[in-house]
Amino acid sequence: MTEAPERFVPVPTPETATYWAKAAEGELWLPRCDSCRTVVFYPRPACPRCHGDQLTWFRASGRGTVESFVINHVPAPGFEAPYAIALILLEEGIRLTSNLLGVEPVPDAIKLGMPVEVEFEQRGGVALPQFRVVSDGLTAAGAPS
Amino acid sequence: MSAAGASAPVVIAGAAESPQLGKVPGQSAMMLATSSARLALGQTGLSWADVDGLASTLPTAELASYLGIRPGWLDGTVVGGCSYMLHVRHAAAAIRSGAASVVVVAHGESGRSRVGMAPRAADPSSMAGQFELPYGAAATFSRFTLPALAYLHKYGRSADDLAEVPAAQSEWVEGNPRASRNKRLTIQEILDSRIIAWPFRLLECCPLTDGGGALVVMSAERAADCELAYRPVTVLGGGESCEGPGASFLADPTSFAGFREASARAFEESGLRHRDIDHLMIYDAYAHVPLYGLEDLGFVGRGEAIDFIRSGATRPGGSLPMNTNGGGLLYTHTGMYGMFAIQEAVRQLRGDAFAQVAGVRTSFVQGIGGMFGAAGALVLGAG
């Protein structure tokens with residue numbers, strides 16, 4: 001994927017620094033609560049479930065499924081409409097927003113529950129997690145990203 | 001000033017919207033709030049010297065100066081479009097405790113013309129800025145809408161079913177000259193409107209407008225001494241809650257904890273049950289929000305909201321008239337719509353609405369703030 005500097009660039013904060021540092025290495029990492037084992041997202045200093053403040057980062061599978069999506073028909077900076085914005089349910093049970101790569105941005109091509117896998121888009125000095133539809137013969141093979 | 005007492009009835013004694021609504025490029029946000037507040041106060045027979053409390057989503061110190069008052073009680077709660085439900089609830093508590101006696105709650109927003117408004121700026125270090133906005137989800141129509149398909153899928157509904165919401169609400173707003181969209185809409189007309197963020201079409205997304213609205217809140221005892229232009233509306237209960245920084249952070253993308261908890265608190269405080277409610281307002285920036293609302297508030301079971309609306313229950317003549325001003329989707333949506341939902345509930349309880357429902361004695365008003373962020377509910381009663 002080519003760099004598109006006009007796209008919105010996130011600015012990491014201390015509580016999210018590990019997420020973005022690991023993304024720069026091409027890996028998806030998440031914090032998990034040592035006490036109740038809840039995977040915490042978005043990253044923050046204490047567990048929102050049990051309020052324990054000992055969290056340990058681990059490397060996530062990078063695999064998930066499409067739980068919901070919209071196909072935006074109004075251009076946003078750096079994005080050519082139409083494009084899909086999806087809610088990805090990770091195997092670890094938390095959700096990330098992502099674009100959908102490897103599938104045409106039309107309603108019939110995108111199925112809820114279809115498997116996706118993480119990759120990283122280089123953007124303005126940040127590596128951004130993005131999810132690509134796992135080709136399994138049911139999806140639009142060779143569709144542009 | 002004396003405390004009204006912990007269980008003293010509190011009323012909305014004045015309520016008015018700005019004279020102009022929709023496209024008002026000649027007025028700033030402050031002017032829209034001020035014109036509304038002057039009209040609302042005028043309905044109570046009181047003067048600005050009597051006002052000792054001010055709540056607004058505008059900077060309260062500036063607004064007080066603008067109005068020429070120095071109130072001893074300020075509430076600048078800003079949790080999005082439901083802020084005014086919280087303001088009314090806070091005002092009621094302040095009046096009961098003696099912290100204030102006459103509170104003006106004011107909204108003014110130049111959402112369309114952007115006159116006297118801070119520039120829109122997205123914070124790239126906020127959680128939404130780090131985890132939602134980078135994906136081209138820069139506008140409410142591509143963020144607030146994100147969970148809707150999960151809801152439709154869970155209950156075996158089609159994307160086209162969203163059209164039931166504006167279709168039903170259009171029956172209330174047909175011919176209302178103050179509404180942005182005042183035509184009766186067929187399902188087909190809605191489905192034929194252009195796609196904004198599929199599954200959402202243009203007529204399933206709110207317009208962006210300019211407007212204002214204000215309320216004057218006081219004890220029933222104080223109101224009894226005023227020369228009121230309309231009969232007062234009683235604040236029977238309220239509730240507030242919150243869940244997270246954006247739609248993608250919902251614990252369950254098919255339900256909103258803010259709706260569930262704020263409404264439960266409001267019901268409990270009012271002592272009323274669902275069957276006691278004559279009229280319902282559910283904040284509808286986008287067509288899926290009233291579906292979540294009907295279910296999360298407990299007016300229908302899970303997955304039943306679309307069939308309920310399709311049955312005619314929420315339309316004129318139905319058992320639960322809902323969004324009788326046409327809602328944010330059709331009437332007006334300045335950005336923080338909640339004030340207009342309260343205004344319509346007050347009009348129905350006064351018997352003064354454009355599409356008046358006969359015999360409304362109770363109204364439940366449910367607001368949402370941010371994108372599935374905060375929630376505020378009010379239960380209002382006639383007299």
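In what follows, the structure referred to is the one given above.
Anyway, here's the lowdown on the structure attached to this text. Bear in mind that the values here come from a model prediction, so they are computed numbers and not experimental data.

Here we look at helix α11 (residues 289-296) of chain B
All names here are of chain B. Summarising burial for α11: 8 of the 8 residues are buried, a large majority. Of the residues making up α11, those classed as buried are Val-289, Pro-290, Leu-291, Tyr-292, Gly-293, Leu-294, Glu-295 and Asp-296. Of the surrounding elements, those touching the buried residues of α11 are α6 (148-154), α7 (164-173), α10 (257-270), β9 (279-282), α12 (305-310) and β10 (362-369). Residue Gly-298 follows α11 closely and has a positive phi angle near 90 degrees.

Focus on the interface of chain B and chain A
At the interface, 34 residues of chain B touch 37 residues of chain A. Around 2,900 Å² of area is buried between chain B and chain A when both sides are counted, 70% of it from carbon and sulfur atoms. Considering only the side of chain B, the residues that lose the most area to chain A are Phe-131, Tyr-135 and Leu-146 of chain B, jointly responsible for 26% of the buried surface there. The interface formed by chain B and chain A contains 0 salt bridges.

Some thoughts on the packing of aromatic side chains
On inspection of all chains with the given rule, the structure shows 22 aromatic pairs over all chains. On the basis of an interplanar angle of 40 degrees and a centroid distance of 5.2 Å, the ring pair of Tyr-292 of chain B and Phe-372 of chain B is categorised as tilted. Here the residue Tyr-292 of chain B occupies a position in helix α11, and Phe-372 of chain B occupies one in the loop between β10 and β11 (374-382), the gap between them amounting to 80 residues. With a relative accessible area of 1%, Phe-372 of chain B lands in the buried category. Here the basic side chain of Arg-7 of chain A rests over the ring of Phe-79 of chain A, its NZ or CZ set 3.8 Å away from the ring centre. The ring of Trp-29 of chain A has Lys-22 of chain A lying over it, and the distance from NZ or CZ to the ring centre is 4.1 Å.

Remarks on the side chain of Thr-362 of chain B
All names here are of chain B. Relative to the elements of secondary structure, Thr-362 occurs in strand β10. Among the residues examined, Thr-362 registers a relative accessible area of 10% and is labelled buried. Polar side-chain contacts of Thr-362 include one of 2.6 Å to the backbone oxygen of Asp-276. There is a polar contact of 2.9 Å between the side chain of Thr-362 and the backbone nitrogen of Asp-278. Once you skip the residues sitting within four places of it in the chain, Thr-362 turns out to touch Leu-272, Asp-276, Ile-277, Asp-278, His-279, Leu-349, Leu-380 and Gly-381.

With respect to helix α2 (residues 60-67) of chain B
Residue and element names in this part refer to chain B. For α2, the set of buried residues is Thr-60, Leu-63, Ala-64 and Leu-67. The arc that holds the buried residues of α2, viewed along the axis, is 100 degrees, so those residues lie on one side. Exposed residues pointing more than 90 degrees away from the buried face of α2 are listed as Ala-61, Glu-62 and Ser-65. The secondary structure elements touched by the buried residues of α2 are α1 (29-42), β2 (53-56), β3 (73-75) and β4 (102-110). With its phi angle positive at about 80 degrees, Gly-68 sits one or two positions after the end of α2.

Observations concerning the nonpolar core
Residue and element names in this part refer to chain B. Membership of the largest hydrophobic core comes to 138 residues, with the highest contact counts inside it found for Ile-12, Leu-294, Ile-342, Phe-364 and Leu-380. If one sorts the elements of this core by residue count, helix α3 (residues 83-97) sits on top with 8 residues. Formed by 26 residues, the second largest nonpolar core is a distinct cluster that contains Val-11, Ala-33, Leu-58 and Ala-223.

What about the packing of α10 of chain B against α11 of chain B?
Residues and elements named next belong to chain B. At their nearest, the axes of α10 and α11 sit 9 Å apart, and the two run at 45 degrees to each other. Taken together, α10 and α11 sit at an angle that is classed as oblique. Every pair of crossing elements has a handedness; the one defined by α10 and α11 is right-handed. Residues Phe-259, Arg-260 and Ser-263 of α10 pack against Val-289, Tyr-292, Gly-293 and Asp-296 of α11. For the contact of α10 with α11, the per-class residue count stands at 3 nonpolar, 2 polar and 2 charged.

What counts and how
Residues numbered from 1 in each chain as written. Chains lettered and ligands numbered in written order. Predicted model: local features only at pLDDT ≥ 70, side-chain atom pairs only at ≥ 80, totals over all residues. Heavy atoms only, no water. Buried < 20%, exposed > 50% of the residue type's maximum accessible area, 1.4 Å probe, protein only. Helix = DSSP H or I, 4+ residues; strand = E, 2+ residues; numbered from the N terminus. Contact = heavy atoms within 4.5 Å. Buried area = accessible area lost by both parts, 1.4 Å probe. Salt bridge = Lys/Arg side-chain N within 4 Å of Asp/Glu carboxyl O. Phe/Tyr/Trp six-rings, centres within 6.5 Å; stacked < 30°, edge-to-face > 60°. Lys NZ or Arg CZ within 6 Å of the ring centre and 35° of its normal. Polar contact = N/O pair within 3.5 Å; in protein donor to acceptor, adjacent residues only side chain to side chain. Arc of directions from axis to C-beta. Core = buried A, V, L, I, M, F, W, Y, C linked by side-chain atoms within 4.5 Å. Axes fitted to C-alpha atoms, helices over the stretch in contact; angles between N-to-C directions. Parallel < 35°, antiparallel > 145°, perpendicular 65-115°, else oblique. Left-handed = near helix turned anticlockwise from the far one by under 90°. Nonpolar A, V, L, I, M, F, W, Y, C, P; charged D, E, K, R; others polar.

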